[in-house]
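Take a look at the letters that make up each chain.
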Amino acid sequence: MPARSPPVSPVMPEVNWPPIPPPADSELDRALRLEEEKEAKKRSDAIDHAIELEREEMRKQRHNTKIVLLGQAESGKSTMLKNFQLHFAPKAFQAETEAWRAVIHLNLVRSVNFILDLLRGGTSSGSNRFSPPASLDDLRPLRMRLSPLRQVEIILVKRLSVDNTSRDAAGIDDSTPWYYGRASEVSIRSGSGWKALLCRHRQQLNSHADELVSARQVLDACRDDIVTLWSNPTVHAGLRGEGVCLQEQSGFFLDEALRVGHIDYEPTYTDVLRARLQTIGVEEHHLTFERLASRGEKWIFYDVGGAREQRAAWVPYFEDVNAVIFLCPMSAFDEVLLEDRSVNRLLDSFNLWKTICSSKLLGDKNFILLLNKSDILKTKLESGVSFVRYVKSYNDEPNDAEHVSEYLKRKFVSMHRHLSPRRRHLHVHITCAIDISVMSAVLVRIREVIIMKNLAATDFL
Ligand SMILES: Nc1nc2c(ncn2[C@@H]2O[C@H](COP(=O)(O)OP(=O)(O)OP(=O)(O)O)[C@@H](O)[C@H]2O)c(=O)[nH]1
Ligand SMILES: [Mg+2]
């Protein structure tokens, strides 16, 4: 019978530790060899550990949720981002509220200076459409007392590093009379780090900090006069004559001049949500969740400038994101684009939505549609503005917010169904982005939807 070969050990030799010494090993050789092998194993373990850490990091990066906020200018994208920050990272949001004070002050001061221009009978751009009545002479002392607010505007603009090129980039032509009747539009270039800049000015005792403090003192001293100006019937008649309704514009704080202009003013969360700061370019925001259940979760938001001239900058961000949040301001049905007065804003939103829905790059992304500004829509319709006058296909349905928003929802859902390159679920919410309590329920739902989709994409579900 042939001799049998010895049975093969079921344990692989490299995992057999310590290894069996070769037969003729001296005591010293054996000790040295064991030491070398131990060192080699240590090095190998360290390499394995480093590779595992790197893999883990890559896994985490891949699972970072990335969201792009899309929609026309003033649809509420940046406000929605503020809501996410407020709800999921309240401490970080709180830390930034003070920086928003300068923006809110600039919103307020711009409104006042806009009225002063109107009373002067034109704007700095040379428009002269309003002929001030003789009774305006009575307002001259008031105008004189408010004139230091011009300087306050200049200081705030400088400190926020607002530049004219940003308006050019947004396609806004300052030579156009009345800046299209916009009173408090404020824009800065993305990535200019304005919040950090303001914080630095506050902390350092330099001339910039002094300037900001004196700007606040001037505003505080002007508060009563601002109230007097804003309650003057001639002013309101003049604005009506120009077809300008400041109350309906973004960044309107004239009704709260006494509170907002006070030297000790601290912005409330609602103030920050109502502040208007136009986004130029694409801003990347990192949000680290602070709440217990989701602590440490990281989301990256791309907040884009919505004006027409900026939309070409959106595309590079499409491929990399998990979800698209598209905002349509429902209340804009009777408005025109600031950058192209011949285009109705609702029609522009429809066209933009069609393009986004049919984009192949976004084919497999999570889609969330927010029909925003429901509060303004309601006020507008209740004041008698007719929806069907602007949207002929609305037919005989009632002119109220509930029916109009349902109609718009149907329209958007149908466009999405017909134009999506592949079957995709759409989540729709009717929102008012400045209503904190209502928004928190919506945000929780949006997070659930995004997390579920992410899990499904990574085969956890
Ligand atoms: N009343 C009301 N105001 C809103 C709502 N959503 C946003 N706003 C206000 O509308 C203004 C414009 O909102 P933003 O968030 O700056 O708009 P955006 O889409 O980021 O605009 P761009 O940066 O120009 O693309 C801000 O002053 C907000 O406070 C809403 O639902 N209701
Ligand atoms: Mg914005």
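Residue numbering note: each chain is counted from 1, following its sequence as written. To label them, take the chains in the order written and letter them from A, then take the ligands in the order written and number them from 1. Restriction of local features to residues with pLDDT of at least 70 applies here, the model being predicted, together with a cutoff of 80 or more for giving and counting side-chain atom pairs; totals for whole chains, interfaces and linings are based on all residues. Note that water and hydrogens are dropped before the side-chain values are worked out from all heavy atoms of the structure.

Under an unreviewed UniProt entry, the name given to the protein chain is G-protein alpha subunit, and the source organism is Sparassis crispa.

Enquirer: Whenever I open this one, the overall build of the protein chain confuses me. Can you help?
Expert: Looking only at helices and strands, one finds 15 helices and 8 strands in the protein chain. Think of it in three bands: residues with accessible area under 20% of the maximum for their type are buried, residues over 50% are exposed, and the middle band is partly exposed, with areas taken using a 1.4 Å probe on protein chains only. Buried positions account for 46% of the 461 residues belonging to the protein chain. Whether two residues are in contact is decided by their heavy atoms, any of which lying within 4.5 Å being enough. When contacts within the protein chain are restricted to residue pairs at least 6 apart in sequence, those whose partners lie at least 24 apart make up 76%. Summed over all atoms, the accessible surface of the protein chain reaches about 23,900 Å², with 54% contributed by carbon and sulfur. Strands are runs of DSSP state E lasting at least two residues, helices are runs of H or I lasting at least four, and both sets are numbered from the N terminus onward. Computed by Shrake-Rupley with a 1.4 Å probe, the accessible areas treat only the displayed protein chains as cover when residues are assessed.

Enquirer: What's the story with the site of ligand 1 in this structure? I'm lost.
Expert: It suffices for a single heavy atom of a residue to lie within 4 Å of a molecule or strand for the residue to be listed as near it. In the vicinity of ligand 1 lie 26 residues, with Lys77, Thr79, Leu273, Arg276 and Gly306 positioned nearest. N or O atoms closer than or at 3.5 Å make up a polar contact, with two conditions inside protein: a donor-capable atom paired with an acceptor-capable one, and, for residues adjacent in sequence, both atoms drawn from side chains. One of the side-chain nitrogen or oxygen atoms of Ser78 is found 2.9 Å away from an oxygen atom of ligand 1. A distance of 2.7 Å separates an oxygen atom of ligand 1 from a polar atom in the backbone of Gly306. Contact with the protein chains covers 96% of the free accessible surface of ligand 1, which is 650 Å². Contributing elements (two or more residues each) for the shell around ligand 1: helix H2 (77–88), helix H11 (269–274), strand E3 (278–280) and helix H13 (374–382). Sort the elements by how many residues they give to the shell around ligand 1 and H2 lands first, with 3 residues. Counting the residues that make up the shell around ligand 1, at least three belong to each of domain 1 (65–89 + 289–457) and domain 2 (97–274). The start and end points of each domain follow an automatic or database-based domain assignment.

Enquirer: When you look at the confidence of the model for the protein chain in this model, what are you seeing that I'm missing?
Expert: Low-confidence regions, as indicated by low pLDDT, have predicted coordinates that should not be scrutinised in detail. The predicted model of the protein chain has a mean per-residue pLDDT of 84, with 79% of residues at 70 or higher. pLDDT measures the predictor's confidence residue by residue and takes values from 0 up to 100. Segment residues 123–128: pLDDT under 50, and 14 contacts once partners within four positions in sequence are set aside and those in other chains are kept. Every residue in residues 162–180 scores below 50 in pLDDT, and together they form 48 contacts with partners more than four places removed in sequence or on other chains. Per the prediction output, this complex has pTM 0.81; the corresponding ipTM is 0.99.

Enquirer: Even after reading the chapter, I still don't get the coordination of the magnesium ion (ligand 2), so can you show me in this structure?
Expert: Geometrically, a metal with four donors at the corners of a regular tetrahedron has ideal angles of 109.5 degrees, and one with six donors at the corners of a regular octahedron has ideal angles of 90 or 180 degrees. Distances from the magnesium ion (ligand 2) to its protein donors, Ser78 (OG) and Thr279 (OG1), fall within 2.0 to 2.1 Å. Of this pair, Ser78 sits in helix H2 while Thr279 sits in strand E3; the two residues are 201 residues apart in sequence, bridging distant segments of the chain. Per residue, the accessibility class of Ser78 equals that of Thr279, and both read buried. Coordinating donors are taken as N, O and S atoms within 2.8 Å of the metal, stretched to 3.2 Å for Na, K and Ca; because water is absent from the atoms, sites can appear incomplete.

Enquirer: Can you walk me through the pairing of strand E6 (residues 323–329) in this structure?
Expert: A regular strand places its side chains on the two faces of the sheet in alternate fashion. In terms of burial, E6 is a largely internal element, 7 of the 7 residues being buried. Across the two faces of E6 the burial is the same, with Ala323, Ile325, Leu327 and Pro329 and Val324, Phe326 and Cys328 all buried. Strands pair, by our definition, only if DSSP identifies at least two bridges between them. Pairing analysis gives 4 bridges linking strand E1 (residues 65–70) to E6, with the strands arranged parallel. The residue bridging Leu70 from the neighbouring strand is Phe326, located in E6. As judged from the 7 bridges shared by E6 and strand E7 (residues 366–372), these two strands associate in the parallel manner. Bridge pairing in E7 links Ile325 to Ile368.

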